[in-house]
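Here are the chains, one letter per residue:
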Amino acid sequence: MVKSSSLRTILLSPRGGISAIVLLVVMICAVFAPLIAPYAYDIQSLRDANLNPSWKNWMGTDEFGRDLLSRMIYGARTSLSVALTAISISVAIGMSLGATAAYFGGAFDRLVTAAVDLTWSFPEILIALILIAIIGPGLNSTMIAISIAYLAQFTRLTRVQIMALKSETYVEATRSLGAGHAHIIFRHLLPNALTPVIVAGMLATGDAIILEATLGFFGLGAQPPTPSWGAMMSSGTAQIFIAPWIIIFPGLAIAITVIAINLFGDAVIDVLDIRRQLRDS
Amino acid sequence: MALLSVTDLSVSIGRLKPLDGISFDIGKGEIVGMVGESGSGKSLTAMSVMGLLPLIGGKMTSGSIRFDGIDLATLPEPRYRALRGRRIALISQNPMTSLDPIIRIGAQIDQVGILHLGLSDAAAKARSIDIMRQLRIPEAATVHGNYPHQLSGGMKQRVVIAMALAADPELMIADEPTTALDVTIQAQIIQIVVDLVRERGLSLMLITHDMGVVAQACDKVVVLYAGRVAERNGIDAIFGEPQHPYTRELIRCIPRHDQLRGSLTGIPGAVPSVMDYPSGCRFHPRCADALDICAGAIPALEQKAAGFAACHAAINAAGKVSAHG
Amino acid sequence: MANFLIKRLVLLIPVFLVVSVIIFMIIHLVPGDPIDNIVQIGSTPQQKAALTAKYGLDKPLIVQYAIWFGKLMTGDLGEAIILRQPVSSLIAQNLPHSLILGSLALAFSTVVGIATGALAAIRRDSWVDRTVMAVILLGSTVPSFWLGLLMILVFAVHLGWFPVSGARSWSALVLPVLTIGLGGVALVARVTRVAMMDISRRDFVMMLHAKGVPPWRINLQHILRHALLPVVTILSLRIGWILGGAVTIEYVFARPGLGSLLITSLNQRDYPVVQGCLLMLAIAVMLGTLLGDVVQALIDPRVRERTG
């Protein structure tokens, strides 16, 4: 995996270091939201609706008079936790599927490959919308929809990696020593295939944040009053003429977070030199 | 006067200096062999003459290359381009990858005639097919419409040769034209090139690592080792009385028909890396005749018999011979 | 070529069947009685019974699917629950808007993406390259619906150059096309740039230089032509993403279209309409992929032979 010296190289490079700091700030906001946010995210005060940014409300207030900065900070919690959970589930299932398919081959492999190929050409948003249609709107549905929407990517990547590793001699050696299938897959093959999949997962987290925001924007994700960056903008569209900041700040937060994730991911890819593996799949 | 005259050519790529003071001449109608193991700088010399060093991030740091009286080192790029493919043509190492895979064979040969001779499409096509026939490509008119992947390696190499011949060049550079091919086709391709060159009175710089090919085809030989000229002489002198120990090793390595398969001998030791050339004579770590001086001083390329050799041992031997008599 | 096209079309049939099964299953997977998912609000028990009979909802699933698929083939997608009209006519009203937006966005992404990507590759490491790279990073990381909102804010609200929303004039298309386009341009430009840089290191390019072919011709007639292969591959794989972008952007700009219809129906749980829209979008994705395959075969003779 990532050696500590590689980690230092990543953090000391300009884009790696800056993006790491940005991500750290966002994560601190997410984890310590109740401590950092100046106000509660759900206190309404219609007298204070749509206020300009000021010393009292740094980012202004929304149409219900709620402090936008506080909602942004809590929103980081929603967006990050949904995206991270969804992608972790997706990576875990995708790796198991891809590894098992590649290891055993045969009909199971063909089935998995066919399913992956089928979903491959469909945009994640469409897959997510189909799933939301079935399980209904909400944060949990969003999480499930995102994790399934990205499943194909991780399955495919793991499968390609394992296929390449499978033929290597140490696998056959372990096999001839009498190791079981599960042992070989989970103790030998997966750890070796791990790095590119983890990096791909990291990059996909950025896409997942956007997907979560899009679903939230459609009113299909986080339900009021839960703040999520996407859902905040959904209600903001009606106020676009009088309170554009309701749209500008959450979008900026998404853009900055996703750019930071991409830059950090790029730095990791360069240091670990795995661009080809990621592109080939 | 020589058609091509390379004097003291040095080339750098980044911090590396893969070529160091290369000098040789190619006269009109001459076939000159450039010999050496891989990494000796043969292909780089060809790239320098073609003016293609910038493509691989290299540049000439000293010396001159004169072609028919034109100083190529200072020639502006548009005029150089008019020369490439027109008066100096390249036959590349690997025919498998030298043709554009998604463009028809014919169009790739026609391109040269259209570009350099101002031919119409039809005239260029007729000319290409004619050249393909001379190269003994069967059904030339059909092949003209084929894509590269439809041809065998030997056929592709003939197409590459046809491309080189398309504008009637004066100098051809053949960069190991047969290494990528099957052994049985190698001799055939070399023969075709040599025959054409002789017939048309062209000059040829034939790059190879095989002294056997040199013996078959060349008038003169330049032996390169680790970016320097080791020895330079006429074909008879090189084989008759090789001066440089490296040349002797190369000759010893020519596969003979009576040898059993698998008993091919190589030169002991490995070619030094351009990152880490030995001091003094770069061949000394592998040289059976190495003297104490060889590790310390760079041997100059000095006149020896009919040719030139850069070897302390050879010079010493010559001195002894003259001292004794 | 005709051969190739037929083979590709045949390959799409199983994909279409699987997709149709998934979409068919939506009303059965949603919690509750399927009949409640397709019956119009305020229907009498008699009307419910009639629908149950029409769709055979009392029969086994496989029979129901056969009935549904049969109706689908005749263009009968059922009745909208909320909007109270045939789903097919709703789709007929909305489809042209999505088609126009989608194809314009696709054309814009392709043309501008290839041009900027090629420019960046040819002038690599120059300020042109760096600018293009920055735009690529922005285009692939900024959420498109937010970009749409910003466009509305700047060009419609503040500058008043274009309408804020709707589809009453051609000028209303400009901002949506640009919004979807930036993501597409980023994608296409990135692939074009990387592909051209890769290809320019290939042997045959060196050979072209050795033949004295001018660099602009090498770049445009040879390298770019090769680079189009991965570009077309990505486009055919990602054509759905551009259509998906259309779904989002229609909603942002309050334009009529399949995307707006889908999102509205999802929020209203109008399942027959949801099914119809998803089916149309899936078909669009499949046809887009097919289009990509065909273009690819036109460029590369080897592709034609492999599958033709």
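Residues numbered from 1 in each chain as written. Chains lettered and ligands numbered in written order. Predicted model: local features only at pLDDT ≥ 70, side-chain atom pairs only at ≥ 80, totals over all residues. Heavy atoms only, no water.

## Things to note about the overall build of chain B
Right, on to step 1. Along the backbone of chain B there are 12 helices and 12 strands.
Right, on to step 2. In terms of C-alpha radius of gyration, chain B reaches 21 Å, essentially the compact-globule figure of 20 Å for 325 residues.
Right, on to step 3. The C-alpha extent of chain B, read off along each of the three principal axes, is 70 × 50 × 35 Å.
Right, on to step 4. Taking as baseline every contact in chain B between residues at least 6 positions apart, the subset at least 24 positions apart corresponds to 65%.
Right, on to step 5. For chain B, the exposed surface amounts to about 13900 Å²; the carbon and sulfur share of it is 54%.
Right, on to step 6. Across chain B, the 31 positively charged side chains and the 31 negatively charged ones have centroids separated by 3 Å. (Helix = DSSP H or I, 4+ residues; strand = E, 2+ residues; numbered from the N terminus. Rg over C-alpha atoms; globule rule 2.2 N^0.38 Å. Contact = heavy atoms within 4.5 Å. Areas by Shrake-Rupley, 256 points an atom, 1.4 Å probe, with all protein chains shown as cover. Lys, Arg positive; Asp, Glu negative; His and termini not counted. Charge placed at Lys NZ, Arg CZ, Asp CG, Glu CD.)

## Side note on the layout of surface pockets
Right, on to step 1. Of the pockets and cavities examined, the second largest pocket occupies roughly 1000 Å³.
Right, on to step 2. Around the second largest pocket, the lining is made up of 42 residues, and of these Met47, Leu55 and Ile56 of chain B together with Arg201 and Met206 of chain C lie nearest the centre.
Right, on to step 3. Those elements giving two or more residues to the lining of the second largest pocket turn out to be helix H1 (42–50) of chain B together with helix H5 (87–122), helix H8 (171–199), helix H9 (203–210) and helix H10 (215–252) of chain C.
Right, on to step 4. The element that contributes the greatest number of residues to the lining of the second largest pocket is H1 of chain B, accounting for six residues.
Right, on to step 5. Of the residues assigned to the lining of the second largest pocket, the class counts are 23 nonpolar, 12 polar and seven charged. (1 Å grid on protein atoms, 1.4 Å probe; cavity = no way out; pocket = protein on both sides within 12 Å on 5 of 7 lines; lining within 4 Å. Points joined across faces, edges and corners; volume = space filled by probe spheres on them. Nonpolar A, V, L, I, M, F, W, Y, C, P; charged D, E, K, R; others polar.)

## A look at the interface of chain C and chain A
Right, on to step 1. Between chain C and chain A, the contact holds 44 residues from the first and 37 residues from the second.
Right, on to step 2. Buried area between chain C and chain A, both sides added, is near 3500 Å², and the carbon and sulfur share of it is 81%.
Right, on to step 3. Taken together, chain C and chain A are joined by zero salt bridges.
Right, on to step 4. For the interface between chain C and chain A, the tally reads two residue pairs in polar contact (both at pLDDT 80 or more). (Buried area = accessible area lost by both parts, 1.4 Å probe. Salt bridge = Lys/Arg side-chain N within 4 Å of Asp/Glu carboxyl O. Polar contact = N/O pair within 3.5 Å; in protein donor to acceptor, adjacent residues only side chain to side chain.)

## What about empty space enclosed by the protein?
Residue and element names in this part refer to chain B.
Right, on to step 1. With the rule as written, the count across this model stands at four cavities of 30 Å³ or more.
Right, on to step 2. Space inside the largest cavity adds up to approximately 70 Å³.
Right, on to step 3. Residue lining of the largest cavity: 13 residues in total, with Pro245, Cys281, Cys287, Cys294 and Cys311 positioned closest to the centre.
Right, on to step 4. In the lining of the largest cavity, the residues fall into nine nonpolar, three polar and one charged.

## Regarding the interface of chain B and chain C
Right, on to step 1. With 29 residues of chain B at the interface, the matching set in chain C holds 24 residues.
Right, on to step 2. For the pair chain B and chain C, the interface holds zero salt bridges.
Right, on to step 3. Counting the contacts that link chain B with chain C gives 10 residue pairs in polar contact (both at pLDDT 80 or more).
Right, on to step 4. It is helix H4 (residues 105–117) of chain B that provides the largest number of residues to the side of chain B that touches chain C, a total of five residues.
Right, on to step 5. Its residues assigned to classes, the side of chain B that touches chain C shows 16 nonpolar, 10 polar and three charged.

## Considering the pattern of salt bridges
It is possible for side chains bearing opposite charge to pair when their charged atoms get close.
Right, on to step 1. Here the structure, examined in full by the defined rule, presents 18 salt bridges over all chains.
Right, on to step 2. Residue Asp270 of chain A pairs with Arg15 of chain A through a salt bridge whose shortest N-O separation is 2.6 Å. Taken together, the residues Asp270 of chain A in helix H12 (residues 245–272) and Arg15 of chain A in helix H2 (residues 14–31) connect sequence positions 255 residues apart.
Right, on to step 3. Between Glu170 of chain B and Arg87 of chain B there is a salt bridge, with the nearest N and O atoms lying 2.6 Å from each other. One end of the pair, Glu170 of chain B, is in the loop between helix H7 (153–165) and strand E7 (171–175); the other, Arg87 of chain B, is in the loop between helix H2 (77–83) and strand E6 (88–91), and 83 residues separate them in sequence.
Right, on to step 4. Looking at Arg87 of chain B, the relative accessible area reads 18%, which means it is buried.
Right, on to step 5. When salt bridges that share partners are traced, they join Asp20, Arg228 and Arg282 of chain B into one network. (Buried < 20%, exposed > 50% of the residue type's maximum accessible area, 1.4 Å probe, protein only.)

## Description of the environment of Ile18 of chain A
Residue and element names in this part refer to chain A.
Right, on to step 1. Turning to its location among the elements, Ile18 is positioned in helix H2.
Right, on to step 2. On the basis of relative accessibility, which here comes to 57%, the residue Ile18 falls in the exposed class.
Right, on to step 3. In this structure, the C-alpha to C-alpha distance between Ile18 and Leu263, residues 245 residues apart in sequence, is 8.9 Å.

## Digging into the side chain of Asn146 of chain B
Residues and elements named next belong to chain B.
Right, on to step 1. Mapped onto the elements of the fold, Asn146 is located in the loop between helix H6 (140–144) and H7.
Right, on to step 2. The exposure class of Asn146 is buried, given its relative accessible area of 19%.
Right, on to step 3. Those residues in contact with Asn146 that lie beyond four places of it in its chain are Arg104, Ile105 and Leu151.

## Some thoughts on the sheet that holds strand E1 (residues 4–13) of chain B
Residue and element names in this part refer to chain B.
Right, on to step 1. The four strands are arranged E2-E1-E4-E5 in an open sheet whose pairing can be described as antiparallel. Pairing within the sheet leaves two strands with one partner each, and these edge strands are strand E2 (16–26) and strand E5 (70–71).
Right, on to step 2. Alignment of strand E4 (residues 58–67) against E5, held across two bridges, turns out to be antiparallel. Counted as the bridge partner of Arg66 is Asp71 from E5.
Right, on to step 3. Sheet strands touched by H1: E1, E2 and E4. Its angle to E1, the strand with the most contacts, is close to 110°. (Pairing = 2+ DSSP bridges. Axes fitted to C-alpha atoms, helices over the stretch in contact; angles between N-to-C directions.)

## Here we look at the arrangement of the chains
Right, on to step 1. Across the two pairs of chains that are in contact, the largest number of contacts falls between chains A and C.
Right, on to step 2. Nothing in chain A touches chain B, and the closest approach of their C-alpha atoms is 21 Å.

## Regarding helix H11 (residues 229–236) of chain A
Right, on to step 1. Within H11 of chain A, six of the eight residues are buried, which leaves it mostly tucked inside the rest of the structure.
Right, on to step 2. Buried within H11 of chain A are the following residues: Trp229, Gly230, Ala231, Met232, Met233 and Gly236 of chain A.
Right, on to step 3. Packing partners of the buried residues in H11 of chain A comprise H2, helix H4 (68–104), helix H10 (181–217) and H12 of chain A together with helix H7 (144–158) of chain C.

## Some points on a nonpolar patch on the surface
Residues and elements named next belong to chain A.
Right, on to step 1. Together, Leu24, Ile28, Val31, Phe32, Leu35 and Ile36 make up a nonpolar patch on the protein surface, roughly 580 Å² of accessible area in all.
Right, on to step 2. For the nonpolar patch, the secondary structure elements donating two or more residues are H2 and helix H3 (33–36).
Right, on to step 3. With three residues, H2 is the largest single contributor of residues to the nonpolar patch.
Right, on to step 4. Within the secondary structure, Ile36 is located in helix H3.
Right, on to step 5. A residue is classified by how much of its surface remains accessible, and Ile36, at 35% relative accessible area, is partly exposed. (Patch = residues over 30% accessible without salt bridge, like charges linked within 9 Å, V, L, I, M, F, W, Y side chains within 5 Å.)

## Concerning the pairing of E2 of chain B
Remember that side chains alternate between the two faces of the sheet whenever the strand is regular.
All names here are of chain B.
Right, on to step 1. Two elements, E1 and E2, share six bridges in a ladder whose sense is antiparallel. Each bridged residue has a counterpart across the sheet, and for Leu4 the counterpart in E2 is Ile26.
Right, on to step 2. Joining the antiparallel neighbours E1 and E2 is a turn of two residues, in which Gly14 adopts a positive phi near 60°.

## Section: the pairing of strand E8 (residues 203–208) of chain B
Residue and element names in this part refer to chain B.
Right, on to step 1. With respect to burial, E8 is a largely interior element, six of its six residues being buried.
Right, on to step 2. With burial as the criterion, each face of E8 is covered, one bearing Ser203, Met205 and Ile207 and the other bearing Leu204, Leu206 and Thr208.
Right, on to step 3. Where strand E3 (residues 31–35) and E8 come together, five bridges link them in parallel fashion. Within the sheet, the bridge partner assigned to Met34 lies in E8 and is Ile207.
Right, on to step 4. Both E7 and E8 contribute to a ladder of five bridges, which runs parallel. Looking across to E8, one finds that Ala174 is bridged to Leu206.

## Things to note about the sheet that holds strand E10 (residues 228–234) of chain B
All names here are of chain B.
Right, on to step 1. Strand order in the open sheet made by the eight strands is E6-E7-E8-E3-E9-E10-E12-E11, with mixed pairing throughout. Whereas interior strands pair on both sides, the edge strands pair on one side only; in this sheet they are E6 and strand E11 (302–304). Averaged over all pairs of adjacent strands, the angle between strand axes in this sheet comes to 25°, irrespective of strand direction.
Right, on to step 2. Across three bridges, the pairing between E11 and strand E12 (residues 307–309) is antiparallel. Across the sheet, residue Lys304 finds its bridge partner in E12, namely Gly307.
Right, on to step 3. Across the sheet, helix H11 (residues 245–252) touches E3, strand E9 (220–225) and E10, and the angle it forms with E9 is around 105°.

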